[in-house]
Amino acid sequence: MKKLRLAALLLAAGWSLSAAAQVSRVEDLHYPPLPPFAIPQPERLVLGNGLVVMLLEDHELPLVDATVLIRTGSRFDPADQAGLAVLGARAMRAGGTGSLPGDALDGYLESRAAEIEITAEEDLTRATVSSLAADFPQVFRVFADLLRRPAFDAPEVEVARTQAITDVSRRNDNPGKVALRELRRIVYGADSPYGRAETPATLGAIRRENLIGWHAAAFHPDRMVLGLVGDFQRKEAVALIRQVFGDWPRGAAWHPQPASYRQQPAPGVYYVEKPGIAQSSIQMGHLGVLVSDPDFYALEVLNQVLSGSFSSRLFADVRTRKSLGYAVWGAVDSEWDHPGLASLYLSTKAETTGAGVEALLEEARSLTELPPTEEEVSRARQGLLNSFVFRFDSPREVLARQLLLEYHGYPLDWLSRYRAGIEAVTSDQVRRAARHWRPDDFTILVVGPNQGRDKPLTDFGTVTVLAGASAPARPDVDAGRP
Amino acid sequence: MIRKVFLWCAFTALLLLLAGAAAAQDLASFEARTTLHKLANGWTFLIVERPTAPVFSFVTLADAGSSQDVPGITGLAHMFEHMAFKGTTLIGTKDPVGEAKALADLEAAYQAYQAERLAPRPDAARLEGLLAEFKTRQAEAAGYVVPNELDSILTREGAAAINAVTDADRTMFFYSLPSNKVELFAFLESERFYHPVFREFYEERKVVQEERRMRYESQPLGRLAEQLRTTAFQHHPYGQPGIGTMSDLDSMTMTDAENFFETYYAPSNLYTVIVGNVEAVTLIPLIDKYFGRIPARPAPPPLRAVEPPQIAERTVVLEDPGQPSYLEAYHRPAQTHPDQPVYDAIEDVLTNGRTSRLYRSLVHDRKLAANVQALSGFPGKKYPNLWGVLVVPAAGVTHQQIQTALREELDRLKTEDVTDGELARFKARSKENLLRSLRSNQGLAIELAEHQCLDGDWRELFRSIDRLDRVTKADIRRVAEATFQAPNRTVAMTVRKDDKENP
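Not measured: the values here are computed from a predicted model.

J.: Requested: an account of the overall build of chain B, with residues and values cited.
T.: Along its length, chain B carries 19 helices and twelve strands. Considered along the principal axes of its C-alpha atoms, chain B spans approximately 70 × 65 × 35 Å. Each of the 503 residues in chain B was classed as buried or not, and the buried ones make up 53%. In chain B, 80% of the contacts between residues at least 6 apart in sequence involve partners at least 24 apart.

What follows is the structure in structure tokens.
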């Protein structure tokens, strides 16, 4: 140890002399320009039945991946059938097709080391297939058959239901997830598709006919976007796609209403008791913005200043300086078609719960009171621009993004606009964007043990004690144990 | 020492099986762009040229993990990992000379405080005075810090996925940069291990304590996994919690971290793999220039402890208000053992995918479980370790029902041959998984570094795939018979207080 210290002193003193051959300070480094590298552009075509197709060849490895985004997801579920899309997607995959029912489909795919998965998300359902290039045409036909003619094999539906219900019954084991779920429920509103969550009761009430109906209504070529990336030849791929999807008729006209959500803030403190654990999970926030918000780029920079790296404010203050936690995070989030959440998160020992809540509130306030400096803004903007290339360094990533842009109706050159948008952001705009943080409107969630706290939660507002879960429908199963 | 390595049978075999002639060309060229470069100080570099997007990723792997921790100072390897983000003697400080003195004073104050604290009968007044002195020194040292400057530089220059991980076997540091910044990488990464600094050590200890609370004291599964390792290993350091016990984290010192660095971060114990749009021709001179400055140090001592054979079944029952989980694990040899491919096959047949036996039986047919997952190479792979199964019971199912169904399947492997289909699926799947792992620069760098370190040759990544073809049905019965025995078993489960049925 002594030796190291001495070495450090010597080096500090004699550094520039001994380091003639190499730089000794980052400031002395000079970087050549990054070689030109265009953002790869997938080819886009539309079949007669409205199916949008995007193709991006990548011949580095003999693999092909395809993704289909379908316009259905948990936000379109009827209120009394929360979980319909989640269960539908699971059951659709598990049940297989007429010629390859559940077990046979699994065997078929696994003997080729191929994969097909279907999952429902909030605002879309995603079906993916991946296989060796040599097997792809054959596997893709099976994939298309599953999308068009799923069997919803009755016993497989029950397996899927058991799994979905078990997921729900275990979701309270993760305190951070409880905090986020409850925050969403209060901020978006319990009746909003963005605030509700499926329960054993809603999952139990869904019948096989409902799943068949869900598929029949949503799975049509004009409600889908298909993308292929990997080791295929364009001409053959287009022929294959036309062959398996070309004769699929369009669906009935469909004009979904935007989902409703609570417009007013819901300030206050909400507490969920979780005994037997060491930390409190703290989550606080209110509505955020849409990707189309005029302040979007300024917020990207502001998010970077607040929480974008180990050197951002939240890490430097709450983690490094105050040592209050390992996991700390915050951002004004944006979604494509509805406001995301503006929220802050920290997990800290029960004994510093109050200090943790205070620290997060202080960070939110300080974005207005101690607005980002020129240096902070320039560092954040430079970081976003310098790392920009990582947003299109893999063809799969490029295709995945283009599919989402197409699905949500955003311009396909969005990524180039993004770069220009970040370049154009001024420090003033970043400082003004801090108004998207409104600490007085915060809904504050604390999930943790009910002993040892350094401060009463009432110090931060009126406290509402919540049961462990939001669903009053089956408290015996879901909410019995906070 | 530079040598180009060209690929031979491993790739050819892989390709014939997997794809066609077109792909063969791609993979062969992929491999021909690999350069091994070992410095005189012993640091091993591997460069894989992958001329796609203008970016590169790297990993620096230190052949030291929590197995190198000793009782009383558990968690040190991981703590050092955190310190490697604190900068260097010059990066992250306002005044290197002043700070070096302040840190020496701080450490002296801590050692004095610690000596009193750990004395048989600490004097309360004296302890308070020493603590006050320590806190004064801490505030003084903090005055020199430019917080997180290393990260700040990297983030500004466009680094992505800056992170590190410590496990029982090794510690890995990684990030990615645009390809015009190779010299920044060479400068910062060499400085990091040439002039490390242990600033903010005592502050960071608290962050790691919060990490422990988060991962192991607030999640039922984290707690259960820790109980499994501390129960299954009674002598080998695999039985120590990798993150450290809370009391060890309370008493660990800056000097401990410096000693750990001196011993285990000798250049000959380090492996750096760079993958991406880089050229060995331009990168190697930079590596020589920056990393070559670091003097050689003696190789660290090998680990001597060997876990004695387990002769009695062990069971841990953990009361937890969360949902119940069931874990069952068996001792097995190290990854370098010739039976490794047989263990791979057993794991695949039992738990991989929807056709696997445990998924079929427990989840699909009998609906006893919502999920079944293999616990592979736990808590490490370098030394003899555990193979196990984690079962997530379906609502209302008892651990007894799970146990009976699970053991039926393990026993069946001893008495009946697996099918041709199962063996073929295992081989096909392993090969495709290898292909998929080649897609990401970062993923590939980690795979190659692990094989270079553990097997002494990165090509083992491909050879190991070759060896899977030689696994026979008789091998699987033999290894299952040797492994799945009651005295070799440790069971760990969580039960709810109100549950009457367990154990």
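J.: Tell me about the overall build of chain A, residues and numbers included.
T.: Of regular secondary structure, chain A possesses 17 helices and 13 strands. C-alpha extents for chain A along the principal axes are approximately 75 × 65 × 45 Å. Counting over 482 residues, chain A shows a buried share of 49%. By sequence separation, contacts in chain A at least 24 residues apart represent 80% of the contacts at least 6 residues apart.

J.: Summarise the sheet that holds strand β9 (residues 326–332) of chain B; cite the residues concerned and give the values.
T.: Residue and element names in this part refer to chain B. If you walk across this open sheet you meet the five strands as β8-β12-β9-β11-β10, and the pairing is mixed. Looking at which strands have only one partner, the edges of the open sheet turn out to be β8 (314–319) and β10 (369–378). Each strand axis lies, on average, 15° off the axis of its neighbour in the sheet, ignoring direction. Note that β9 and strand β11 (residues 385–393) share seven bridges and pair antiparallel. In the strand pairing of β11, Leu 327 is matched with Leu 390. Each of β9, β10 and β11 touches helix α13 (residues 340–351); the most contacted strand, β10, lies at about 170° to it. Here helix α15 (residues 399–415) sits on the sheet in contact with β9, β10, β11 and β12 (489–495), set at roughly 130° to β11.

J.: Would you mind going over the interface of chain B and chain A in detail, with residue names and values included?
T.: Between chain B and chain A, the residue contacts involve 77 residues of the former and 72 residues of the latter. It is helix α16 (residues 420–437) of chain B that contributes the most residues to the side of chain B that touches chain A, eight residues altogether. Considered class by class, the residues forming the side of chain B that touches chain A number 33 nonpolar, 21 polar and 23 charged.

J.: So what about the nonpolar core? Which residues, and what values?
T.: Core analysis: the biggest nonpolar cluster contains 89 residues, and Val 59, Phe 80, Ala 257, Val 273, Ile 274, Ala 445 and Ala 449 of chain B have the highest contact counts within it. If we skip the residues at most four places from it in the chain, Val 59 of chain B touches Met 172, Phe 173, Phe 174, Val 273, Ala 445, Ile 446 and Ala 449 of chain B. Counting 67 residues, the second-largest nonpolar core is a separate cluster that includes Leu 105, Leu 124, Ala 151 and Phe 219 of chain A.

J.: I'd like a rundown of the pairing of strand β6 (residues 224–230) of chain A, residues and numbers included.
T.: Residues and elements named next belong to chain A. For β6, a buried count of seven out of seven residues is recorded, marking the element as mostly surrounded by other parts of the structure. Alternating positions in β6 separate into two faces, Met 224, Leu 226, Leu 228 and Gly 230 on one and Val 225, Gly 227 and Val 229 on the other, with burial throughout. Where strand β3 (residues 63–70) meets β6, seven bridges bridge the pair, whose relative direction is antiparallel. Among the inter-strand pairings, Asp 65 is bridged to a residue of β6, identified as Val 229.

J.: Now, about the confidence of the model for chain B: what can you tell me, with residues and values included?
T.: Residue and element names in this part refer to chain B. On average, residues of chain B score 92 in pLDDT, and 93% of them are at 70 or above. Below pLDDT 50 for its whole length, residues 1–26 participates in 44 contacts with residues either more than four positions away or in separate chains. Interface confidence in the predicted complex, given as ipTM, is 0.89; pTM for the same model is 0.91.

J.: Mind laying out the environment of Phe 426 of chain B, listing which residues take part and the relevant values?
T.: Tracing the backbone shows Phe 426 of chain B in helix α16. Residues contacting Phe 426 of chain B, with those up to four places away along its chain left out, are Ala 345, Asp 348 and Val 349 of chain B.

J.: Mind laying out helix α9 (residues 220–232) of chain B, listing which residues take part and the relevant values?
T.: Residue and element names in this part refer to chain B. Between the first and last C-alpha of α9 there are 18 Å, a value that for 13 residues agrees with the 18 Å anticipated at 1.5 Å per step. Within α9, burial applies to Pro 220, Arg 223, Leu 224, Ala 225, Glu 226, Gln 227, Leu 228, Arg 229 and Ala 232. On its buried face, α9 is in contact with α8 (201–216), β8, β9, β11 and β12.

J.: So what's going on with the sheet that holds strand β2 (residues 52–57) of chain A? Which residues, and what values?
T.: All names here are of chain A. Within the open sheet, the six strands sit side by side as β1-β2-β6-β3-β5-β4. Their pairing is mixed. The two strands at the open ends of the sheet, each matched to only one other strand, are β1 (43–46) and β4 (115–120). Taken pair by pair, the neighbouring strands of this sheet meet at an average axis angle of 15°, ignoring direction. In the sheet, β2 pairs with β6 via six bridges, with the strands oriented parallel. Of the residues in β6, the one forming a bridge with Val 52 is Val 225.

J.: Tell me what's going on with helix α13 (residues 374–386) of chain A, and back it up with residues and numbers.
T.: Between its first and last C-alpha, α13 of chain A extends 18 Å over 13 residues, near the 18 Å set by a 1.5 Å rise per residue. Taken as a whole, α13 of chain A has its buried residues at Glu 376, Val 377, Arg 379, Ala 380, Arg 381, Gly 383, Leu 384 and Asn 386 of chain A.

J.: A description of the confidence of the model for chain A should follow, citing residues and the corresponding values.
T.: On average, chain A scores 91 in pLDDT, and the residues at 70 or more come to 93%. Confidence drops under pLDDT 50 across residues 469–482 of chain A; counting only partners more than four residues distant or on other chains, this segment forms 34 contacts.

J.: Talk me through the pairing of strand β3 (residues 44–49) of chain B; I want residue IDs and the actual numbers.
T.: Residue and element names in this part refer to chain B. For β3, the buried fraction is high: six of the six residues fall into the buried class. With burial as the criterion, each face of β3 is covered, one bearing Thr 44, Leu 46 and Val 48 and the other bearing Phe 45, Ile 47 and Glu 49. Where strand β2 (residues 34–38) and β3 come together, five bridges link them in antiparallel fashion. Bridge pairing in β3 links Thr 35 to Ile 47. Linkage of β2 to β3, two consecutive antiparallel strands, is achieved through a turn of five residues, within which Gly 42 is found at a positive phi near 100°. Of the pairings in the sheet, the one linking β3 to strand β7 (residues 270–276) comprises six bridges and is parallel in character.

J.: Can you lay out unusual backbone geometry for me, pointing to particular residues and giving the numbers?
T.: All names here are of chain B. Omega for the bond connecting Phe 378 with Pro 379 falls within 30 degrees of zero, at -5°, which places this linkage in the cis form. Residue placement: Pro 379 occurs in the loop between β10 and β11. Not every positive phi belongs to a glycine, and Asn 148 is a case in point at roughly 50°.

J.: Describe the environment of Ala 124 of chain B, naming the residues involved and giving the relevant values.
T.: Here Ala 124 of chain B shows up in helix α5 (residues 124–142). On the basis of neighbour count, Ala 124 of chain B is assigned to the exposed category, with 9 C-beta atoms found within 10 Å.

Parameters at a glance
Residues numbered from 1 in each chain as written. Chains lettered and ligands numbered in written order. Predicted model: local features only at pLDDT ≥ 70, side-chain atom pairs only at ≥ 80, totals over all residues. Helix = DSSP H or I, 4+ residues; strand = E, 2+ residues; numbered from the N terminus. Buried ≥ 20, exposed ≤ 12 C-beta atoms within 10 Å, placed from the backbone. Contact = placed C-beta atoms within 7 Å. Pairing = 2+ DSSP bridges. Axes fitted to C-alpha atoms, helices over the stretch in contact; angles between N-to-C directions. Nonpolar A, V, L, I, M, F, W, Y, C, P; charged D, E, K, R; others polar. Core = buried A, V, L, I, M, F, W, Y, C linked by C-beta atoms within 7 Å. pLDDT = per-residue confidence, 0-100. Expected span 1.5 Å × (residues − 1).

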